[in-house]
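Single-letter residue listing:
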Amino acid sequence: MPTVELETIKAATREKMAHLQYRVLVCNGTGCIANGARQVYNAFLTKTGACRNLVSVKTGDPCHMVGLISQTGCHGLCQMGPLVLIRANNGFKDVFYCGVREPDVAEIVEETIKKGRIVDRLLYTNPQSGELCRNPGEIPFYARQNRLALAECGLIDPESIEEYIQGGGYSMLRRAALEMTPREVCELIRDSGLRGRGGAGFPTGRKWLAMLEQPGKPGEPRYLVCNGDEGDPGAFMDRSLMEGDPHRLLEGAMIAAFAAGATVGYFYIRTEYPLAVQRVRQAINDARRLGILGENLFGSGFRFDCDVVEGAGAFVCGEETALLASIEGKRGMPRHKPPFPAQEGLFGKPTVVNNVETLATIRYIMEQGVSAFRRFGTVLSPGTKTFALTGRVRHTGLIEVPMGTTLREVIYEIGGGIPGDKKFKAAQIGGPSGGCLGETHLDLSLDFENLTALGAMVGSGGIVVMDEETCIVEVSRFFMQFTQEESCGKCVLCREGTKQMLALLQDIVDGTAELEHLSLLEETARAVKAASLCGLGKSAPNPVLSTLTLFRNEYLAHIERRLCPAGACQALKVYAVNPDLCKGCTLCVSKCPAGAIHGEKRQAHRIDVTSCTKCGVCATICKFKAITAA
Ligand SMILES: Cc1cc2nc3c(=O)[nH]c(=O)nc-3n(C[C@H](O)[C@H](O)[C@H](O)COP(=O)(O)O)c2cc1C
């Protein structure tokens, strides 16, 4: 394989791109696709006749490229999709359109692309000031973020290795391989203070050094494994990175392999992420085609090759030892540590396991240096963190903020606050086994230390925001159901303990629990946390324990007064007709599946609570809002 000439590829790509009059970047994140982004993309192709592929266009061809339309990774502002960013070469500033539909494309092409005019109705309107925002930098959602791992996500074509190289890609790998020793790379990352973004926050440089220093037999394989399992409900950060900038991930993984002394790599990606699987596979194939993967890379003597392994969606397979067992073709069950994977990992050989975001951050640290990275975040948790912001917040989406940003900034400044002017109640952070934070934590700096001290965790980075209408006990029950179903069953405490906790929580939301349920729940939670084998069981009680601390009164209301203060628990609702509002239309009488509503035409009806099944149909269909649940 000839030595790859990054500069030649970079110059040729730059030359091609210099001829572009415009560039259209259509967000291809799941939210946007669900809202019709593919149709929007196709409409741009047909309406402009522009190219979709940088590689196939040769400068000077008669069909010389004037415009390039790309499907990108997630732009982040999922709530407002489909999102389209238009960049032009004629000194015209970027224009960012939200909620673009297929019929809007003709107007965008005529007005913005051909005449440089803005289509105001597709711009983002700042809800506070009423101002129209022309580009992402003017939108509070983006202005408050610092994108290091997500630097080019949404701004480049994830399927073009040439574009990645044109932006400086793979030059940090070349620098590491040609100008640094593996130890120097490990020490640089150690000095940056980068901590693993997969949940536990273990220092990345130290992990690499541990593997580098691990004795082994000459010629014996050593492995680098990228953890792209991301099984947490509500989390999509790693997926967005894999879909949006797979080469940044691959470059980070290769630098990690060089530093830690690995020659073979695996990207473990859940099979439910088909686009991520396809994009990472394509990135690997394209890098191999250009000689960036394989033997004697950049003439340095370093060799590395890798492949994708698809995981079948068991949450526990994200735990590193279970993940390694899964790659080996065994059932994905965790094992006791030590030995740690760096000592005895895949097929019994030294292995580094790193999260997607951790690896996607490496290029920034190599390029910008340790102090640039440490400018973000806190002393003990430097850098940034991506979060998937979901739940009762105006702007749900994908964000990247400095570690130490407060929950208030995330929810109110970036997320735009709670819709319907409802009151903030709690935020569940760190995935299904993370903890809940309440109003008193709104000004808490989100970092590894603070969250762990509160019995919560940064985890993978899912943030689910809840308002006053959310029942906190039901939320705990929901997450316990998830972790109980996902327990692999290997250790008794996790297998039986989570089952018991779920049964106790179910009784509480059903209104059949007694006070002893609460002490038993707490006792079981503490035992499961203390003595489970792996992180799944050790953290599964977090939602229960944290909500018991913050919202014990709500648990007590369910038990002592058979009342759900949020009015959310179906079993505790009592439906009643307000006689002042009821017009006696009989619609509810005819629709009630239990025959529980009685009354004559044009006279107020009444609900027989003994036969009412609390299904809520009556309240939904009543045109006069005469039926409510208390
Ligand atoms: C139940 C469970 C699920 C996990 N799921 C993931 C996951 O989806 N992705 C991930 O990177 N780490 C996950 N982890 C953490 C990994 O075990 C491991 O710490 C991480 O991949 C190491 O990479 P890092 O040091 O770069 O964070 C999980 C841990 C547990 C206990």
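All figures in this text were calculated on a predicted structure; none of them were measured in a lab.

Conventions adopted
- Residue numbers run consecutively from 1 along every chain, following the written order of its sequence.
- For this predicted model, a pLDDT threshold of at least 70 governs which residues receive local features, and a threshold of 80 or more governs which side-chain atom pairs are given and counted, while totals over whole chains, interfaces and linings are taken from all residues.
- Excluding hydrogens and water, the side-chain values take into account all heavy atoms of the structure.
- Helix and strand assignments come from DSSP, with helices taken as H or I runs of at least 4 residues and strands as E runs of at least 2, each series counted from the N terminus.
- Only C-alpha atoms enter the radius of gyration; for comparison, a globular chain is expected to reach 2.2 Å times N to the power 0.38, where N is the number of residues.
- Only protein chains enter the accessibility calculation, which uses a 1.4 Å probe; a residue is then buried when its area is under 20% of its type maximum, exposed when over 50%, and partly exposed in between.
- Here, two residues are considered to be in contact whenever any of their heavy atoms come within 4.5 Å of each other.
- Calculation of accessible area relied on Shrake-Rupley with a 1.4 Å probe; when residues are assessed, cover is drawn exclusively from the protein chains displayed.
- Positive charges come from Lys and Arg, negative ones from Asp and Glu, while His and the chain ends are left out of the count.
- For charged residues, the charge sits on one atom: NZ in Lys, CZ in Arg, CG in Asp, CD in Glu.
- The nearness test applies per residue and asks whether one of its heavy atoms lies within 4 Å of the molecule or strand.
- By the criterion applied in these results, polar contacts are pairs of N or O atoms within 3.5 Å in which, for protein atoms, one can donate a hydrogen and the other can accept it, and in which residues neighboring in sequence qualify only through two side-chain atoms.
- In the sections that follow, a salt bridge refers to a side-chain nitrogen of Lys or Arg positioned within 4 Å of a carboxyl oxygen of Asp or Glu.
- In this analysis, axes come from line fits to C-alpha atoms, helices being fitted only over the stretch in contact, and the angle between any two N-to-C directions falls in the range 0 to 180 degrees.
- Angular relationships are summarised with four words: roughly parallel below 35 degrees, roughly antiparallel beyond 145, roughly perpendicular across 65 to 115, and oblique for the angles in between.
- Each crossing gets its hand from how the near helix is turned against the far one by less than a right angle, where anticlockwise is left-handed and clockwise is right-handed.
- Polarity classes work like this: nonpolar for Ala, Val, Leu, Ile, Met, Phe, Trp, Tyr, Cys and Pro, charged for Asp, Glu, Lys and Arg, and polar for all others, with Gly in that last group.

(A) View of the overall build of the protein chain. The number of helices and strands found in the protein chain is 25 helices and 19 strands. Relative to the 2.2 N^0.38 estimate, which gives 25 Å for 630 residues, the radius of gyration of the protein chain is 27 Å and therefore close to what a compact globule would have. Counting all 630 residues of the protein chain, 57% fall into the buried class. In the protein chain, once contacts between residues fewer than 6 apart in sequence are set aside, the share between residues at least 24 apart is 70%. Total accessible area computed for the protein chain in this model is approximately 25300 Å², and 51% of it derives from carbon and sulfur atoms. The average position of the 70 basic charges and that of the 69 acidic charges among the side chains of the protein chain differ by 2 Å.

(B) Expanded view of the site of the ligand. Taken together, 18 residues form the shell around the ligand, and within it Gly198, Lys207, Glu230, Asn354 and Thr358 come nearest. Between the ligand and Gly198 there is a distance of 2.8 Å, counted from an oxygen atom to a backbone nitrogen or oxygen. One of the backbone N or O atoms of Gly318 is found 3.3 Å from a nitrogen atom in the ligand. In isolation the ligand has 610 Å² of accessible area, and contact with the protein removes 90% of it. Of all the secondary-structure elements, those providing two or more residues to the shell around the ligand are strand 10 (351–355) and helix 21 (535–539). Ranked by residues supplied to the shell around the ligand, first place goes to strand 10 with three residues.

(C) Representation of the pattern of salt bridges in the model. With the rule as written, the count across this model stands at 40 salt bridges. A salt bridge links Arg279 to Glu159; the shortest N-O distance between them is 2.9 Å. Separated by 120 residues along the polypeptide, Arg279 in helix 12 (residues 274–289) and Glu159 in the loop between helix 5 (140–143) and helix 6 (161–166) bring together distant segments of the chain. With a closest N to O distance of 3.3 Å, Arg562 and Glu514 form a salt bridge. Here Arg562, found in the loop between helix 23 (552–560) and strand 16 (575–577), pairs with Glu514, found in the loop between helix 19 (492–510) and helix 20 (515–531); they are 48 residues apart in sequence, far enough to count as distant.

(D) Layout of helix 10 (residues 237–244). Extensive coverage of helix 10 is indicated by the burial of eight of its eight residues. Taken as a whole, helix 10 has its buried residues at Met237, Asp238, Arg239, Ser240, Leu241, Met242, Glu243 and Gly244.

(E) Up close: the packing of helix 10 against helix 12. It is at 8 Å that the axes of helix 10 and helix 12 come closest, and there the two elements cross at 40°. Here helix 10 is positioned oblique relative to helix 12, judged by the angle of their axes. Between helix 10 and helix 12 the crossing geometry is left-handed. The residues of helix 12 that touch helix 10, namely those facing Arg239, Met242 and Glu243, are Leu275, Ala276, Arg279 and Val280. Of the residues belonging to the contact of helix 10 with helix 12, the class tally is four nonpolar, no polar and three charged.

(F) Molecular detail of the packing of helix 8 (residues 182–192) against helix 14 (residues 356–368). At a minimum axis separation of 11 Å, helix 8 and helix 14 run at an interaxial angle of 95°. Here helix 14 runs roughly perpendicular to helix 8, going by the angle between their axes. Taken together, the residues of helix 14 that come into contact with helix 8 (itself represented by Val185, Leu188, Ile189 and Ser192) are Ile362, Ile365 and Met366. Residues of the contact of helix 8 with helix 14, tallied by class, amount to six nonpolar, one polar and no charged.

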